[in-house]
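# Structural description and commentary
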Amino acid sequence: MAARVIDGKAVAAALRAEVAARAATLPYAPGLAVVLVGEDPASQVYVRNKERAAKAAGFASETIRLPASASQAELLALIARLNRDPAVDGILVQLPLPAGIDPQAVIRAIDPAKDVDGFHPDNVAALALGTPFLVPCTPRGVMKLLAAAGIAPRGARALVLGRSNIVGRPMAALLLAADATVTIAHSRTRDLAAECRRAEILIAAVGRAEMVKGDWVSPGATVIDVGINRTAAGGLVGDVAYAEAAAVAGAITPVPGGVGPMTIACLLENTLIAAAARR
Ligand SMILES: Nc1nc(=O)c2c([nH]1)NC[C@@H]1CN(c3ccc(C(=O)N[C@@H](CCC(=O)O)C(=O)O)cc3)C=[N+]21
């Protein structure tokens, strides 16, 4: 029995269209400022995609590029200016930042009301307390994919593989808020395969190419692959060995075309939420 493939591209396109329609009813264009420091090639691709999606949704979007040699003080000064700019509703500083810049200091400097990544401690705390405001885009996109696929987290055994601040931890908080029974597994987890096999919803967010094997998946389980790993041949693979897992799972997301497009669609939605709260 082959798994149903959850089409993230299609779900993201529908969400982008919905966001664009809502934005068109506003008396202003929601403003998104994306800051890119340095020339990391993957980051340049993502930032270009974000800008294109924002423009297509009718947003006022600007990408501000700083050289890799920029100091933390220069970046903080830019953020202070964007915090004050009334036309800017959302600020995203692309990660990772060059060595020598403390990402936590940068995240703390962003006005939490404009923190469309949901990484500021105020927004992290709001999510942890069950009163979310701006929620990290990738885990938010995963929740929307589950809903679109008709998978209900309530009462289900969900396993989050990975504990990063940008995916694993907020993912676990969102699944808990949706009444799943949540386990967080990571590199120190004893018998990872057995933990994964217990899951009815398995979220892979470890950043290790094809780590989750077919026999780690419970028959009929839903597998969401957050990983984006570049192969030597230049292709993209997830954290899940797709063909093996798809032969066992009930539903699965592909890479590319799964979670990635949802991250960008949710960034637009967060910008709209931030704008509506501010204006
Ligand atoms: N402050 C910050 N916020 C982020 O949200 C953030 C970040 N920094 N740094 C990098 C990661 C990565 N990320 C992706 C966004 C879209 C796709 C995406 O659209 N992927 C497509 C195609 C990918 C491709 O072809 O390269 C897909 O999976 O189908 C992937 C990854 C956002 N990130």
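Residues numbered from 1 in each chain as written. Predicted model: local features only at pLDDT ≥ 70, side-chain atom pairs only at ≥ 80, totals over all residues. Heavy atoms only, no water.

### Let's talk about the nonpolar core
Among soluble globular proteins, nonpolar side chains are generally buried collectively. Counting 49 residues, the largest nonpolar core has Leu-175 and Ile-203 as its most contacted members. At the level of elements, helix H1 (8–24), strand S2 (31–37), helix H2 (41–56), helix H6 (137–148), strand S5 (157–161), helix H7 (168–177), strand S7 (201–204) and helix H10 (259–278) are the ones that each hand at least two residues to this core. A total of nine residues in this core trace back to one element, the largest contributor, which is H10. When residues of this core are sorted by domain, at least three fall in each of domain 1 (28–111) and domain 2 (136–260). When residues no more than four places from it in sequence are discounted, the contact partners of Leu-175 are Met-143, Leu-146, Pro-153, Ala-158, Val-160, Ala-180, Val-182 and Ile-203. One finds Leu-159, Leu-192, Ala-204 and Met-211 within the second-largest nonpolar core, a separate group that totals 21 residues. (Core = buried A, V, L, I, M, F, W, Y, C linked by side-chain atoms within 4.5 Å. Buried < 20%, exposed > 50% of the residue type's maximum accessible area, 1.4 Å probe, protein only. Helix = DSSP H or I, 4+ residues; strand = E, 2+ residues; numbered from the N terminus. Domains from an automatic or database assignment. Contact = heavy atoms within 4.5 Å.)

### Notes on unusual backbone geometry
Between Leu-95 and Pro-96 the backbone carries a cis peptide bond, its omega angle lying at 0°. With respect to the secondary-structure elements, Pro-96 resides in the loop between strand S4 (90–93) and helix H4 (103–109). Looking along the chain, the bond that leaves Val-255 and enters Pro-256 is cis, with omega of -5°. As for its position among the elements, Pro-256 is in the loop between strand S11 (251–252) and H10. Even without being glycine, Asp-179 reaches a positive phi, approximately 70°. You can see Asp-179 is positioned in the loop between H7 and strand S6 (181–185). On the accessibility criterion, Asp-179 (40% relative accessible area) is partly exposed.

### Let's talk about the UniProt feature "domain: Tetrahydrofolate dehydrogenase/cyclohydrolase catalytic" (unreviewed entry) in the chain
Here the UniProt-annotated "domain: Tetrahydrofolate dehydrogenase/cyclohydrolase catalytic" (unreviewed entry) positions come out as residues 6–117. Secondary structure within residues 6–117 divides into 47% helix and 16% strand; the distance between the first and last C-alpha atoms comes to 24 Å. (UniProt positions renumbered as here; feature names shortened; annotations may be inferred.)

### Quick word on the site of the ligand
Not every one of the 16 residues close to the ligand is listed here, only the nearest: Val-93, Gln-94, Leu-95, Asp-117 and Gly-257. Take Asp-117: an N or O atom from its side chain is 2.6 Å from a nitrogen atom of the ligand. Between the ligand and Arg-230, the relevant distance is 3.4 Å, taken from an oxygen atom to a side-chain nitrogen or oxygen of the residue. Burial of the ligand by the protein chains amounts to 80% of its free accessible area of 670 Å². (Near = heavy atom within 4 Å. Polar contact = N/O pair within 3.5 Å; in protein donor to acceptor, adjacent residues only side chain to side chain. Areas by Shrake-Rupley, 256 points an atom, 1.4 Å probe, with all protein chains shown as cover.)

### Let's talk about the sheet that holds S6
Strand order across the open sheet formed by six strands is S1-S11-S8-S7-S5-S6, with parallel pairing between neighbours. Among the strands making up the open sheet, the edge pair consists of strand S1 (4–5) and S6. (Pairing = 2+ DSSP bridges.)

### Examining the side chain of Asp-225
Note on placement: Asp-225 falls in strand S8 (residues 222–225). For the buried Asp-225, no salt bridge is present, and the opposite-charge side chain at shortest range is Lys-213, 11 Å distant. Within the structure, the side chain of Asp-225 is placed 3.1 Å from the backbone nitrogen of Val-240, a separation counted as a polar contact. Leave out the neighbours within four places in its chain, and Asp-225 touches Ala-204, Gly-238, Asp-239, Val-240, Thr-253, Val-255 and Val-259. (Lys, Arg positive; Asp, Glu negative; His and termini not counted. Salt bridge = Lys/Arg side-chain N within 4 Å of Asp/Glu carboxyl O.)

### Remarks on the confidence of the model for the chain
Within the chain, residue pLDDT values average 97, and 100% of them lie at 70 or more. Confidence estimates for the predicted assembly give a pTM of 0.98 and an ipTM of 0.96. (pLDDT = per-residue confidence, 0-100.)

### With respect to the pairing of S2
Burial of S2 is extensive: seven of the seven residues sit out of reach of the surface. Both faces of S2 are covered, namely the face carrying Gly-31, Ala-33, Val-35 and Val-37 and the face carrying Leu-32, Val-34 and Leu-36. Direction of pairing for S2 relative to strand S3 (residues 60–66): parallel, over a ladder of seven bridges. For Val-34, the partnering residue across the bridge sits in S3 and is Thr-63. Regarding the hand of the β-α-β motif, the stretch spanning S2, H2 and S3 is right-handed. Relative to S4, S2 runs parallel, the two sharing four bridges. When the sheet's bridge partners are listed, Val-34 is paired in S4 with Leu-92. (Right-handed = clockwise from strand over helix to strand, strands pointing away.)

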